[in-house]
There are 2 protein chains.
Amino acid sequence: MIRFSNNVSLLRTSEIRDLMSLATRPDMISFAGGMPGNELFPTEEVDEIYNSLPLDLKRTAFQYGPTPGFPPLLGVLKEFLRAKGLPVDTNELLITTGSLQAINILAKVFIDPGDVVVTENPCFIGAISAFQSFQGHLHGIDIDADGVLLDPLKAFLAQSREKAPKFFYSTPNFHNPAGILYSEERKNGLIEVLKEHQLPLIEDDAYGDLYFDEGAARTARPMKATYDQELPICYTGSFSKILGPGFRLGWMLAPREVYEKCELIKQSDDACSPTFTQVLAYEFVRSGRIHPYVAKMRGIYKRRKDTMVAAIHRYFPEEIKWVEPRGGFYMWCACPPELDLMAVLRASIEKGAVFVIGKTFDPKGTDNSHFRLAYSHTPEDKLERGIQIIGEALKDALRK
Amino acid sequence: MIRFSNNVSLLRTSEIRDLMSLATRPDMISFAGGMPGNELFPTEEVDEIYNSLPLDLKRTAFQYGPTPGFPPLLGVLKEFLRAKGLPVDTNELLITTGSLQAINILAKVFIDPGDVVVTENPCFIGAISAFQSFQGHLHGIDIDADGVLLDPLKAFLAQSREKAPKFFYSTPNFHNPAGILYSEERKNGLIEVLKEHQLPLIEDDAYGDLYFDEGAARTARPMKATYDQELPICYTGSFSKILGPGFRLGWMLAPREVYEKCELIKQSDDACSPTFTQVLAYEFVRSGRIHPYVAKMRGIYKRRKDTMVAAIHRYFPEEIKWVEPRGGFYMWCACPPELDLMAVLRASIEKGAVFVIGKTFDPKGTDNSHFRLAYSHTPEDKLERGIQIIGEALKDALRK
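Residues numbered from 1 in each chain as written. Chains lettered and ligands numbered in written order. Predicted model: local features only at pLDDT ≥ 70, side-chain atom pairs only at ≥ 80, totals over all residues.

On to helix H11 (residues 256-270) of chain B. With 15 residues, H11 of chain B ought to run about 21 Å at 1.5 Å a step, and its terminal C-alpha atoms sit 21 Å apart, in line with that. Of all 15 residues that make up H11 of chain B, 11 are buried, and the element is covered over most of its length. On its buried face, H11 of chain B sits against helix H5 (98-110) and helix H6 (125-133) of chain A together with strand E2 (92-96), helix H5 (98-110), strand E8 (233-238) and strand E9 (250-254) of chain B. (Helix = DSSP H or I, 4+ residues; strand = E, 2+ residues; numbered from the N terminus. Expected span 1.5 Å × (residues − 1). Buried ≥ 20, exposed ≤ 12 C-beta atoms within 10 Å, placed from the backbone. Contact = placed C-beta atoms within 7 Å.)

This is the structure in structure tokens:
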């Protein structure tokens, strides 16, 4: 009687959902979710903004808005992006319901069932689901501390000439889950490879503003800022990490040809993103409140990262390897192949600390040789205890 | 270099987009958009709510929420729906980013390219786009004042036994664009036909709360409330007409089997609907503010409808036929076949009034024998003048 589409064939509920749901106990020290700490949100700034909205603007906030976005927000966001060197005048900007929707729209615009798309391995779980929900076949290319490995990428593209992939999806700046920042050299090299194969790039830059030093800030310059003339690059970004995920606001800056398709899809997806939060975000950017707030967040996330790394030096067994983040929310820890990460996770949760195991981020869903630590939503005074718990669980498992 | 998917093949920008964009002049009297008037939104109630939110709830509003929805909102919404007789305990409730997203998710869950879906003709434009964006083949069944015509529906389903349609999509209460309310008898008859063919029903009830008399209220009882045991019914609703479209909040009440697929798709679409507006909507329902507000809106929309109908009696030529609405936002006007509606629209816009021509709502995009008047966002003191302009344009065109 009910006959479902093939779109749902590749999606499934996470096997560890029940385990993770245990991890929401109030005393749990969480390194799991990729979100800001609740105590970090700019509630006072938004109170000021809300309470000084003129009545007509407030009424506008209750109403449908144009599909591309609330025009004043598009205006101030363009200036915000222009300051990063982005080519806002020769591309089109679309406000989306979180940057996940931007990725989902691009998936719909590009992917027919069976189409190959290339991602990094590991890869943002939301992008994996979005691409699979349109029946894309994902091929993940391994990364190192400087970015995606170019030789396996070249080899894969060379052997795929008959059925060319639709795009390459990358999170070059403070990668989720791997925490790394692509080097400038690797960005250059990547663009050369993509140009040779005429492969469009989706550049996901949800974390680029959260650098921990000026060198990282320079290196985090968007590829779209530098290489827009060379390749079709669809650049996505988000207010989730610089205002609040509950606003569900992201954006896409794309060549007009791509944008036009995306706007039609956006129209049929949800008509427009929430005007209510767009009006608040507009005032947050327009008034300049965004700049001191993001600067403060950089400092807080850097201190959390420093505290966590210091604790890791104290408590983790030496078999665990990692690259220290220069921005963003995440650190990615490599484990010896013999380690049973599920057992470590179970033992950690029992003692009160939770993280995310690696295969969640593997496009093939199998590689469990890493785990992700998010330090973004854990207060400093709990980071050390949490790392101690995980460190002991790791040592116990390695000793077995 | 850029190779798009087939998903975008059926979507196109409206031909009359440029014409309609002229119609946003500030002095234009609009019968076009299907939205509440800006002056009708409960801004004072939401101010009170916002300014009495405890800090921890406000922080929650900035954060990601669970994919199915903010749990307290799910709780109070269940009681709101239970009061309509809906089977909230034996189905699952999902908060969506407007009810358009609910329809879009159902489209994704059901439609493979080439699948047939059955709709009313005319049909909500958002549903047409959503179904076409998954490459569904739409078959529209004509309606009369009591609902969809059962004989052509039966005939179509009988001839489709080899490739059975995936679902029937219906807006039985205060239809968009046709303004009609299905009679009880027609609802019964429809369910019998769907049962015989084991065809799931998507029941779009975005306007059911906006009845103009108690008889209409009774007749607007959801089919899902009465027939849930007989057929898989996916019921969708919206806060857009009873709080504000800018909140982008709707819902879907669906059998568990369908819900589970929908939740996975929702997760990959935008992770969750805006927590910020979910928290406000929760307080709007929990505090009971929703009831007097909706009652007041019923009165206002009824007065607007009465004023418009009185003006139509004065100014429209007798060749134009319509059914007086008993609720909702819209009235659907039938024209003689020889009338050039595009010419009427152009002349009306020139003189300062705008409406929507019928083929916008035809699943095949061709039938232009009707037009839609929305009285929901036009203040009473402008309705008469607007109808006079349209009436004169109609008379001019008929005289030619």
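Here the narrative resumes, following the displayed structure.
Once chain B is rotated about the relating axis by 180 degrees and shifted along it by 0.0 Å, it coincides with chain A to within an RMSD of 0.0 Å. Taken together, the rotation and translation relating the two chain copies correspond to the operation of a two-fold axis. (Least-squares fit on C-alpha atoms with pLDDT ≥ 70 in both.)

A separate point is the sheet that holds strand E11 (residues 330-334) of chain A. Residues and elements named next belong to chain A. The sheet built from 4 strands is open, its strands ordered E10-E11-E14-E13 with antiparallel pairing. Looking at the sheet topology across the chains shown, the edges are occupied by strand E10 (321-322) and strand E13 (356-357). Here E11 pairs with strand E14 (residues 370-374) via 5 bridges, running antiparallel. By the bridge assignment for E14, Cys333 is matched with Phe371. (Pairing = 2+ DSSP bridges.)

Before going further, it helps to spend a moment on the environment of Leu11 of chain B. Mapped onto the secondary structure, Leu11 of chain B falls in the segment before helix H1 (17-22). Separated by 17 residues in sequence, Leu11 of chain B and Met28 of chain B have C-alpha atoms that sit 29 Å apart.

This part is about the interface of chain B and chain A. How large an interface is tends to be reported as the accessible area lost when its parts come together. On the chain A side, the residues contacting the 63 residues of chain B number 63 residues. Residue assignment for the side of chain B that touches chain A shows that the elements contributing at least two residues are helix H2 (43-51), helix H3 (55-62), H5, helix H6 (125-133), H11 and helix H12 (275-286) of chain B. Sorting elements by how many residues they give to the side of chain B that touches chain A places H11 of chain B first, with 9 residues. Class assignment for the residues of the side of chain B that touches chain A results in 27 nonpolar, 24 polar and 12 charged. (Nonpolar A, V, L, I, M, F, W, Y, C, P; charged D, E, K, R; others polar.)

Turning to the domain arrangement of chain A, a few remarks are in order. Residue and element names in this part refer to chain A. In terms of domains, chain A is made up of domain 1 (6-42 + 295-399) and domain 2 (63-286). At the junction of the two partners, domain 1 supplies 31 residues and domain 2 supplies 34 residues. Among the elements of the structure, helix H13 (290-315), E11 and E14 are those that each provide at least two residues to the side of domain 1 that touches domain 2. Residue contributions to the side of domain 1 that touches domain 2 peak at 5 residues, all from H13. (Domains from an automatic or database assignment.)

Residue and element names in this part refer to chain A. The buried count for E11 comes to 4 of 5 residues, which makes it a mostly enclosed element. Pairing analysis gives 2 bridges linking E10 to E11, with the strands arranged antiparallel. Paired with Lys321 across the bridge in E11 is Ala334.

Before going further, it helps to examine H3 of chain B. Within H3 of chain B the residues assigned to the buried category are Thr60, Ala61 and Phe62 of chain B. In this structure, the buried side of H3 of chain B is in contact with helix H2 (43-51) of chain A together with H12 of chain B.

Detailed reading of the predicted model is not advised wherever pLDDT is low. On average, residues of chain A carry a pLDDT of 95, and 97% of them reach 70 or more. The ipTM assigned to the predicted complex is 0.96, against a pTM of 0.97. (pLDDT = per-residue confidence, 0-100.)

So, on to the sheet that holds strand E7 (residues 201-204) of chain B. Residues and elements named next belong to chain B. Strand order in this open sheet of 8 strands is E2-E9-E8-E7-E6-E3-E4-E5, and the pairing throughout is mixed. Lying at the two open borders of the sheet, with one neighbouring strand each, are E2 and strand E5 (147-148). The pairing of strand E6 (residues 168-170) with E7 spans 3 bridges and is parallel. Opposite Tyr169, over in E7, you have Ile202 as the bridge partner.

Once that is clear, we can look at the pairing of strand E2 (residues 92-96) of chain A. All names here are of chain A. Taken across its 5 residues, E2 has 4 buried, putting it largely inside the fold. Where E2 and strand E9 (residues 250-254) come together, 5 bridges link them in antiparallel fashion. From the neighbouring strand, Leu94 faces E9, where its bridge partner is Met252.

Below, the discussion takes up the environment of Ala32 of chain A. Within the secondary structure layout, Ala32 of chain A lies in the loop between strand E1 (29-30) and H2. On the basis of neighbour counts, which here come to 21 C-beta atoms within 10 Å, the residue Ala32 of chain A falls in the buried class.

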